[in-house]
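Observations on the model geometry
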Amino acid sequence: MNELALICDRVGIDTNDVIEAAGTKWNFLKYRPGLVGGHCISVDPYYLAHKAKSLGYEPQVILSGRRVNNSIAKFIADKVLKLMIQKDHKIRNAPILMLGVTFKENCPDCRNTKVLDIATELEEFGCQVDIYDPWASAAIVKREYGKDLLASIDADKRYAAVIACVAHDEFKAFDFKRYRDAGAVIFDVKNFVERSLVDGRL
């Protein structure tokens, strides 16, 4: 599914429109692109690939899928930076708010989260990234990943971009319009923000 997102981006078609159209076929499963974290999908395939190689078989499809998934964080960061430039935002020291850090919604589990890979990519360009997640343990995120979480969002702080990374129920009521009206880029990783409010999404 992540490969579909990369292709639709190149041709200027919204991935979710493609999925909805394909969903009219009775046996199509509506898997959506996104950051694949956790253990099952992001780690376990490497065990299978290792075993396959030890038996003399090169598991090209499995490893190709992992390569695509591992490139998604950089793809998202690049898209956000380009959208910021289109809105005349200065990149260096640009404040960016990331909503969510866990690997899935309404869950405190941060194992193998790919959200922080987006933050790292943005920080390499000099952006100042704030991360907020009401479900995650700040202590665990700090210990495991060396990143600080906001205890709360400063309502008065202006952001150059807001990235909706995890579809926690709390974020479905987030006032994205206020930030969009103030000039922020809104990027929706999980396709839960009203389409009219976003500048980009997977």
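For the structure itself, consult the block above.
Residues numbered from 1 in each chain as written. Predicted model: local features only at pLDDT ≥ 70, side-chain atom pairs only at ≥ 80, totals over all residues. Heavy atoms only, no water.

1. Regarding the overall build of the protein chain
Our working definition: Helix and strand assignments come from DSSP, with helices taken as H or I runs of at least 4 residues and strands as E runs of at least 2, each series counted from the N terminus. Whether two residues are in contact is decided by their heavy atoms: any pair within 4.5 Å suffices.
Along the protein chain, the regular secondary structure elements total 8 helices and 5 strands. When the helices and strands of the protein chain are read in sequence order from the N terminus, they spell out α-α-α-α-β-α-β-α-β-α-α-β-β. Across the protein chain, every contact between residues at least 6 apart in sequence was considered, and the portion connecting residues at least 24 apart equals 66%.

2. Section: the sheet that holds strand β5 (residues 200–201)
Rule in force here: The pairing criterion is simple: DSSP has to find at least two bridges between the two strands. Comment: axis = line fitted to C-alpha atoms, over the contacting stretch for helices; angle = value between 0 and 180 degrees taken between N-to-C directions.
Taken together, 5 strands build an open sheet; the order of strands is β2-β1-β3-β4-β5 and the sheet is parallel. Looking at the sheet topology across the chains shown, the edges are occupied by β2 (128–132) and β5. Across the sheet, helix α5 (residues 115–124) lies against β1 (95–99), β2 and β3 (161–164), angled at about 160° from β2, the strand it touches most.

3. Considering the pattern of salt bridges
For clarity, the cut-off: By salt bridge we mean one thing: a side-chain nitrogen of Lys or Arg within 4 Å of a carboxyl oxygen of Asp or Glu. Burial here depends on accessible area, computed with a 1.4 Å probe over protein chains only, as a share of the maximum for the residue type. Under 20% is buried, over 50% is exposed, and the range in between is partly exposed.
Overall, the coordinates contain 11 salt bridges when judged by the stated rule. In this structure, the salt-bridge partner of Asp-78 is Lys-74, at a minimum N-O distance of 3.0 Å. On the criterion of helical spacing, the pair formed by Asp-78 and Lys-74 is a turn pair, its members being 4 residues apart in helix α4 (residues 60–86). Residue Lys-74 is classed as partly exposed on the basis of its relative accessible area, which comes to 42%. The salt bridge partner of Asp-199 is Lys-87, with a shortest N-O separation of 3.3 Å. Linking Asp-199 in the loop between β4 (185–188) and β5 with Lys-87 in the loop between α4 and β1, this pair joins segments that are 112 residues apart in sequence. The exposure class assigned to Lys-87 is partly exposed, which follows from its relative accessible area of 30%.

4. Topic: helix α2 (residues 15–22)
An α-helix turns once every 3.6 residues. As a result, residues three or four positions apart point the same way. Rules: Of all possible arcs, the one meant is that of the directions from the helix axis to the C-beta atoms.
Turning to α2, its buried residues number three or more, namely Thr-15, Asn-16 and Ile-19. Down the axis of α2, the buried set is contained in an arc of 95°. They therefore lie on one face.

5. Considerations on the packing of aromatic side chains
The description of an aromatic ring pair rests on the distance of the ring centres and on the angle between the ring planes. Using the following cut-off: Only centres within 6.5 Å qualify two rings of Phe, Tyr or Trp (six-membered ring in Trp) as a pair; their planes then separate them into stacked at under 30 degrees, edge-to-face at over 60, and tilted for everything else. Over a ring means this: the NZ of a Lys or the CZ of an Arg is within 6 Å of the ring centre and within 35 degrees of the ring normal.
Counted under the stated rule, the structure contains 5 aromatic pairs. Consider the rings of Phe-174 and Phe-176, whose centres lie 4.8 Å apart with planes at 65°: the pair is edge-to-face. Note on Phe-174: relative accessible area 18%, which makes it buried. Pairwise contacts between aromatic rings join Tyr-159, Phe-174, Phe-176, Tyr-179 and Phe-192 into one cluster. A cation over a ring is seen here: Arg-178 above Tyr-179, with NZ or CZ 4.6 Å from the ring centre.

6. What about a nonpolar patch on the surface?
Stated formally: Only residues whose relative accessible area exceeds 30% and that take part in no salt bridge are eligible for patches, with like-charged residues grouped when within 9 Å of each other and nonpolar side chains (Val, Leu, Ile, Met, Phe, Trp, Tyr) grouped when within 5 Å. Each accessible area is a Shrake-Rupley estimate made with a 1.4 Å probe; only the visible protein chains count as cover when residues are assessed.
On the surface, Ile-7, Val-11 and Ile-13 cluster together into a nonpolar patch covering about 280 Å² of accessible area. Among the secondary structure elements, Ile-13 is positioned in the loop between α1 (2–11) and α2.

7. A few points about the state of the cysteines
The following threshold applies: Throughout, disulfides are identified as pairs of cysteine sulfur atoms within 2.5 Å of each other.
Scanning the entire structure with this criterion turns up 0 disulfides. For the unlinked cysteine Cys-110, the closest cysteine sulfur is that of Cys-107, found at 8.0 Å.

8. Considerations on the environment of Val-61
Inspection of the secondary structure puts Val-61 in helix α4. Once the C-alpha coordinates of Val-61 and Ala-49 are considered, the two residues, 12 residues apart in sequence, prove to be 9.8 Å apart.

9. Quick notes on the pairing of β1
Here is the rule we go by: The handedness rule is simple: strands pointing away from the viewer, and a clockwise path from the first strand over the helix to the second, make the crossover right-handed.
Along β1, 4 of the 5 residues are buried, which leaves the element largely enclosed by surrounding structure. Bridge analysis of β1 against β2 gives 5 bridges, and the strand direction is parallel. Along β2, the bridge assignment pairs Ile-96 with Val-129. Taken together, β1, α5 and β2 constitute a β-α-β crossover, and its handedness is right-handed.

10. Examining the nonpolar core
What counts here: Within this scheme, the nonpolar core is defined by two criteria: the residues are buried Ala, Val, Leu, Ile, Met, Phe, Trp, Tyr or Cys, and they are joined through side-chain atoms within 4.5 Å.
The biggest cluster of nonpolar side chains holds 35 residues, and the ones touching the most others in it are Ile-76, Met-84, Met-98, Val-101, Ile-118, Leu-122 and Ile-163. Among the secondary structure elements, those contributing two or more residues to this core are α4, β1, α5, β2, β3 and β4. Broken down by element, this core gets its largest block of residues, 9 residues, from α4. In this structure Met-84 touches His-89, Lys-90, Ile-91, Ala-94, Ile-96, Ala-160, Ala-161 and Val-185, once residues within four positions along its chain are discounted. Within the second largest apolar cluster, 17 residues are counted, among which are Val-162, Ala-164, Tyr-179 and Val-193.

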